[in-house]
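Observations on the three-dimensional arrangement
Read off the chains here:
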Amino acid sequence: MSFDDKKHIRGQVLALKSFKKSRQLNCFADCSTTVSLAFRRCGANMTLAKQTLELWRGTMKEVGGKFGTGVLSYFKFLKWLLMFNIFSFLVNFGFITIPQLIYHPTPDIPAGVSFKGLEILTGAGYFSHTVMYYGGYSNKTQGTGGRSEYNMQLAYFFTVAAYMVLCGAALIYSMASSFRKKYVLADSGLGGAWQLLCSWDFSVTNEKAVRQRKNNLRIQLKESLSEKIQVALLPLTERLKHYGVFLGTWLLSTGMALGCGASVYFLSSGSLLEEAATLLLPFVVSLINLVVPLFYSLFKKIEHYSNPRMQVYAIIVRNVILKMSILGILCYYWMKDVANTFSCWESIVGQALYRLVIMDFLFIMLGSFFGEFLSNVIGTKCIQSLGVPEFDVARNVLDLIYAQTLAWIGIYFSPLLPVIQIIKFFILFYLKKVSLTLNCQPPRRAGRAAQMQTIFIAILFFPSFVGALSMVAYTVWILPPSDKCGPFRGLNTTFSAIQIWMDDLNRVDAFQWTVWIYQHVIRSEIFYFLISLIILVFIYIFRQITQGRQLLIILLRQQIVNVSSGELSGPTCLVHQSCCVRSGCVYVMMLLKCRSNIFS
Amino acid sequence: MGTTASQLRKDLLSEYQVVMHVFFRAHKRFSELLSKEDRNVPTPRVPMEKVLSLPELKSNPFRKRICHVFSTSDMKDGSLTFEDFLDLLSAFSDSATLEIKSHYAFRIFDFDDDGTLDGGDLEKLVNCLTGETDDTRLTTEEMRQLISNILEESDIDKDGTVNLSEFQHVISRSPDFVRSVQI
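Residues numbered from 1 in each chain as written. Chains lettered and ligands numbered in written order. Predicted model: local features only at pLDDT ≥ 70, side-chain atom pairs only at ≥ 80, totals over all residues. Heavy atoms only, no water.

**Considerations on the overall build of chain B**
Note the cut-off: Going along the chain from the N terminus, every DSSP run of H or I of four or more residues is numbered as a helix, and every run of E of two or more is numbered as a strand. Under the scheme applied here, a residue whose accessible area is under 20% of the maximum for its type counts as buried, over 50% as exposed, and between as partly exposed, the area being computed with a 1.4 Å probe on protein chains only. The contact definition used throughout considers only heavy atoms, calling two residues in contact when any of these lie within 4.5 Å. Under the convention used here, a 1.4 Å probe and the Shrake-Rupley method define accessible areas, while residue burial counts only the protein chains that appear.
Across its full length, chain B carries 10 helices and zero strands. Taking all 183 residues of chain B together, the buried fraction comes to 45%. Long-range pairs, those at least 24 residues apart, make up 50% of the contacts in chain B with a sequence separation of at least 6. For chain B, the exposed area adds up to about 9,600 Å²; of that, 56% sits on carbon and sulfur atoms.

Below, the structure written as structure tokens:
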């Protein structure tokens, strides 16, 4: 559009605007303009304040600019998990710890136990009698006489339940929106030449960086071309051999995971209760988590996946199986053996989790040292062919997910565990940033950052959060709480506290509706059965709608080709996989454009 | 007449007040590029060489195409007025929408300015992004394979070229596009 055209249109728009405005009363117009101006200024100031207060914004922009969106996604994930922990800390501290501290300001520590330095590592000893763990909370309804009452049992239960529900809702929401935006709409085929071409970053201004990116792009284009050729050309015996190798490596990796789990089980059932020796189990667990993934990465040399993305997925799945099987075995041991053996077993489990969290932190720091610093030194000074290392996003994100799983399991047993987690994540952010800047180079391949992020959130939801939630739910629903300590002592199960409360409410007329909801909705099986049935019916209906739309898209594509080539009969055989309504609308638009082009 | 004129000015003022500082900063950078004689001309034009000396555009492989696309000069020499310069900055800012960015990206990639991306345009695009010298280019066989892959992916009406709607359709499936087209 030429300059005069633009000026003409702008003049017309302004004239229309001023005509509309000049029709109103003068003073009203003045008032409303001033008010709206004030609001806009206020809004702009608030956005500016929010941006300056936002945590780590400058650092993350710097990292993103130098290392790209793949590495930036690790730091964004870390910040997001930190928010979960901050919220958990606020909720637990506010509703559980503060009332306990108000009514019992000094913890009743038995004689002979004093604070030695070792508690920071083991979490036992002095800490085990404080509000750090489940055992430090009383079961009485606080408050006497004139002051308002505070039912500690209900507070504990509802705080943990509300936090878990909100976490679950936040995870499901972000998983679904991430899935919709980045997975379904993105190209899921092999290669994706357009993706590579359009991923050129216009904000790169350094001459050397531009040359490096051109090199990387050329290498990736060549790789994607050779991938497409390779898939078609393998003979049958080669393919059988490849499948045999895959089967072997998967059996080996799963076997190693189960073997590690079994060894952890035997170690934990034989472990001693003296303070220093309790550190042995977390040490072994963290050592396994550090060393066995290195074995898994050796498998890369034997297997030949056709697609480098499948390789990354295989590594991720193996690591997740390893970590979750170890955690599963530990949870089983705690639920079965510890719950029956010790008197204040929830605090013991809390202490074990505390030790795992601390040891995991120490090992992450060690891993950063070996993985990045030493690799850099070896790569630049000793074996020049290895080169400067790249930041391994997958391995680091899986470490974060494991750490967060520990925190989620620990919410019930140790309400103040989020404090440790917050400190850990804070230190980890700065540590990783420094290590990244000093030791690593920007990644060579333009990774699918958006799709990987969806997968990480999905892993955070499915084995990690759901596993933690089911363990806490099992503890609350079925296991008898210990009778010497904690807010639920003396009850059959933790959930009985709710039953007792409902019985109390039943005596008051005003709350009959709550009791009715409890008895006929929450405790009745028919309700859940009906809800599940209705949800299944809706899922079936939506699936039929989606399939109908897929068919519509295929038909529209065929019609576009027919209309543009002038033929009106005979379908051409095209099948393209794309299943969202937006594609359908685009096809309708293109079809109309084709039609208008031909008939104009 | 007097009251309506003053009201008009006040409305314009309230609109412009919000973006005043951005406006002045852009104007300052533009006038730095002008030579002394041109400053007093009513609508000054900056020649293409001066625009290419900006640090944001200096190493960009598409710098010449960007100048040609945003230039409104009749001589097609890539020179920019202040109006064109503002268009350039706004198209590459982070508040421009996907439609605007994909529209301009299409025009930048359309090397022969015929409104579609055919094989020649795609070949020039790939060469721009991989390197100009002979040892850094793709071989002819690889280029042919790559172009046929691209057309297979994005040419929906099978006419051998990628038009604007097909391009926008492909771009809408790439979630990182908006962030990467920024200066």
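**A closer look at the packing of helix 3 (residues 57–67) of chain A against helix 4 (residues 69–103) of chain A**
Residues and elements named next belong to chain A. How we decide: Structural elements are reduced to axes, namely lines fitted to C-alpha atoms, with helices fitted over the stretch in contact, and the angle between N-to-C directions of any two is expressed from 0 to 180 degrees. Throughout this description, any angle smaller than 35 degrees is read as roughly parallel, any larger than 145 degrees as roughly antiparallel, any in the 65 to 115 degree range as roughly perpendicular, and the remainder as oblique. Each residue gets one label: Ala, Val, Leu, Ile, Met, Phe, Trp, Tyr, Cys and Pro are nonpolar, Asp, Glu, Lys and Arg are charged, and the others, such as Gly, are polar.
At their nearest, the axes of helix 3 and helix 4 sit 7 Å apart, and the two run at 155 degrees to each other. Here helix 3 lies roughly antiparallel to helix 4, going by the angle between them. The residues of helix 4 that touch helix 3, namely those facing Met60, Val63, Gly64 and Phe67, are Thr69, Val71, Leu72, Phe75, Lys76 and Lys79. Of the residues that constitute the contact of helix 3 with helix 4, the class distribution is six nonpolar, two polar and two charged.

**Digging into helix 9 (residues 236–269) of chain A**
Heads up, the rule is: For a helix, the expected span equals 1.5 Å multiplied by the residue count minus one.
With 34 residues, helix 9 of chain A should reach 50 Å at 1.5 Å per residue; the first-to-last C-alpha distance of 50 Å fits that figure. Elements that come into contact with the buried residues of helix 9 of chain A comprise helix 10 (280–298) and helix 11 (308–341) of chain A.

**Quick word on the state of the cysteines**
Residues and elements named next belong to chain A. Condition: The term disulfide is used for any two cysteine sulfur atoms that are within 2.5 Å.
Inspection of the entire model under this criterion finds one disulfide over all chains. A sulfur-sulfur distance of 1.7 Å marks the disulfide that ties Cys344 to Cys485. Its S-S torsion of about 115 degrees marks the bond between Cys344 and Cys485 as right-handed, since a negative value means left-handed. Linking Cys344 in the loop between helix 11 and helix 12 (345–382) with Cys485 in the loop between helix 15 (449–477) and helix 16 (496–506), this pair joins segments that are 141 residues apart in sequence. Residues Cys344 and Cys485 agree in their burial class; the two are buried. Unpaired in this structure, Cys167 has its nearest cysteine sulfur neighbour in Cys331, at a distance of 17 Å. On the accessibility criterion, Cys167 (1% relative accessible area) is buried. Free cysteine: Cys260, not disulfide-bonded; nearest cysteine sulfur from Cys331 at 17 Å.

**Section: the UniProt feature "transmembrane region" (unreviewed entry) in chain A**
All names here are of chain A. The condition that has to hold: UniProt positions are given in the numbering used here, feature names are shortened, and annotations may be inferred rather than shown by experiment.
UniProt tags residues 80–103, 154–176, 243–267, 279–299, 311–333, 406–431, 452–479 and 526–542 as "transmembrane region" (unreviewed entry). Annotation note: span residues 243–267, helix share 100%, strand share 0%, distance between end C-alpha atoms 36 Å. Taken end to end, residues 452–479 is 93% helix and 0% strand, and its first and last C-alpha atoms sit 38 Å apart.

**Some thoughts on the side chain of Ser71 of chain B**
Residues and elements named next belong to chain B. Worth spelling out the cut-off: Polar contacts, as counted here, are pairs of nitrogen or oxygen atoms within 3.5 Å of one another; within protein the pair requires one atom able to donate a hydrogen and one able to accept it, and residues that are adjacent in sequence qualify only if both atoms are side-chain atoms.
Within the fold, Ser71 resides in the loop between helix 4 (63–70) and helix 5 (82–91). Residue classification places Ser71 among the buried residues on the basis of a relative accessible area of 14%. Of note is the side chain of Ser71, whose polar atom sits 3.0 Å from the backbone oxygen of Ser79. Once residues lying within four places of it in the same chain are set aside, the contact partners of Ser71 are Gly78, Ser79, Leu80 and Asp84.

**Observations regarding the environment of Gly119 of chain B**
Residue and element names in this part refer to chain B. Inspection of the secondary structure puts Gly119 in helix 7 (residues 119–130). Its relative accessible area of 26% is what places Gly119 among the partly exposed residues. The sequence separation of Gly119 and Ile150 amounts to 31 residues, and the corresponding C-alpha distance is 9.7 Å.

**Some details on the pattern of salt bridges**
Residues and elements named next belong to chain A. Stated formally: Each salt bridge in this description consists of a side-chain nitrogen of Lys or Arg and a carboxyl oxygen of Asp or Glu lying within 4 Å of one another.
In this structure the tally under the stated criterion is eight salt bridges over all chains. Asp360 is paired through a salt bridge with Lys424; the nearest N and O atoms lie 3.0 Å apart. Here Lys424 lies in helix 14 (residues 417–439) and Asp360 lies in helix 12, a separation of 64 residues in the sequence. Both residues of the pair, Asp360 and Lys424, count as buried. Arg507 serves as the salt-bridge partner of Asp504, at 3.4 Å between the closest nitrogen and oxygen. The exposure class of Asp504 is partly exposed, given its relative accessible area of 36%. On the basis of relative accessibility, which here comes to 66%, the residue Arg507 falls in the exposed class.

**Quick word on a nonpolar patch on the surface**
Residues and elements named next belong to chain A. For clarity, the threshold we go by: Each patch is built from salt-bridge-free residues with over 30% relative accessible area, joining like charges within 9 Å and nonpolar side chains (Val, Leu, Ile, Met, Phe, Trp, Tyr) within 5 Å.
Together, Val508, Phe511, Trp513, Trp516, Ile517, Ile522, Phe527, Tyr528, Ile531, Ile535, Leu536 and Ile539 make up a nonpolar patch on the protein surface, roughly 1,200 Å² of accessible area in all. For the nonpolar patch, the secondary structure elements donating two or more residues are helix 17 (512–522) and helix 18 (525–565). By residue number, the principal contributor to the nonpolar patch is helix 18, which donates six residues. Mapping Phe527 onto the fold places it in helix 18.

**With respect to the packing of aromatic side chains**
Residue and element names in this part refer to chain A. This is how it is decided: Aromatic pairs are defined between Phe, Tyr and Trp rings, using the six-membered ring for Trp, whenever the two ring centres lie within 6.5 Å; interplanar angles under 30 degrees are classed as stacked, those over 60 as edge-to-face, and all others as tilted. A ring is considered to have a charge above it if a Lys NZ or an Arg CZ atom is located within 6 Å of its centre and within 35 degrees of its normal.
Taken as a whole, this structure holds 42 aromatic pairs over all chains when the rule is applied. Between Phe158 and Trp501, the aromatic rings sit 5.8 Å apart at their centres with planes inclined by 75 degrees, giving edge-to-face as the arrangement. Linking Phe158 in helix 6 (residues 152–184) with Trp501 in helix 16, this pair joins segments that are 343 residues apart in sequence. Here Trp408 and Phe465 contribute two aromatic rings whose centre-to-centre distance is 5.1 Å and whose plane-to-plane angle is 75 degrees, an arrangement assigned as edge-to-face. Of this pair, Trp408 sits in helix 13 (residues 393–413) while Phe465 sits in helix 15; the two residues are 57 residues apart in sequence, bridging distant segments of the chain. We classify Phe465 as buried; its relative accessible area is 2%. Against the face of Trp250 rests Arg318, its NZ or CZ located 4.4 Å from the ring centre.

**Describing the packing of helix 9 of chain A against helix 10 of chain A**
Residue and element names in this part refer to chain A. Closest axis-to-axis distance for the helix 9/helix 10 pair is 11 Å, and the angle between their directions is 170 degrees. One element, helix 9, and the other, helix 10, form an angle in the roughly antiparallel class. Together, Ser253, Met256, Ala257, Cys260, Ser263, Val264, Leu267 and Ser268 of helix 9 and Leu280, Leu281, Val284, Val285, Ile288, Val292, Phe295 and Tyr296 of helix 10 make up the contact between the two elements.

**A closer look at the confidence of the model for chain B**
Reading fine detail from the predicted coordinates is not recommended where pLDDT is low. Counted only if it meets this: Each residue carries a pLDDT value, the predictor's own confidence for that position, ranging from 0 to 100.
When the pLDDT values of chain B are averaged, the result is 80; 88% of them are 70 or greater. Mean pLDDT values over the elements of chain B span from 67, in helix 1 (residues 2–33) of chain B, up to 89, in helix 6 (residues 98–109) of chain B.

**Digging into unusual backbone geometry**
Residue and element names in this part refer to chain B. Even without being a glycine, Lys76 presents a positive backbone phi close to 55 degrees. Even without glycine at this site, Asp113 takes up a positive phi of about 55 degrees. Within the secondary structure layout, Asp113 lies in the loop between helix 6 and helix 7.

**A look at the confidence of the model for chain A**
All names here are of chain A. With 84% of its residues at a pLDDT of 70 or more, chain A shows a mean pLDDT of 81. Put simply, helix 19 (residues 581–599) is where chain A has its lowest mean pLDDT, 59, and helix 13 is where it has its highest, 92. With pLDDT under 50 throughout, residues 187–191 is counted as low confidence; its partners more than four residues away or in other chains account for 14 contacts. Considering only residues more than four positions removed or in separate chains, one finds that residues 568–581, a stretch of pLDDT under 50, has 20 contacts.

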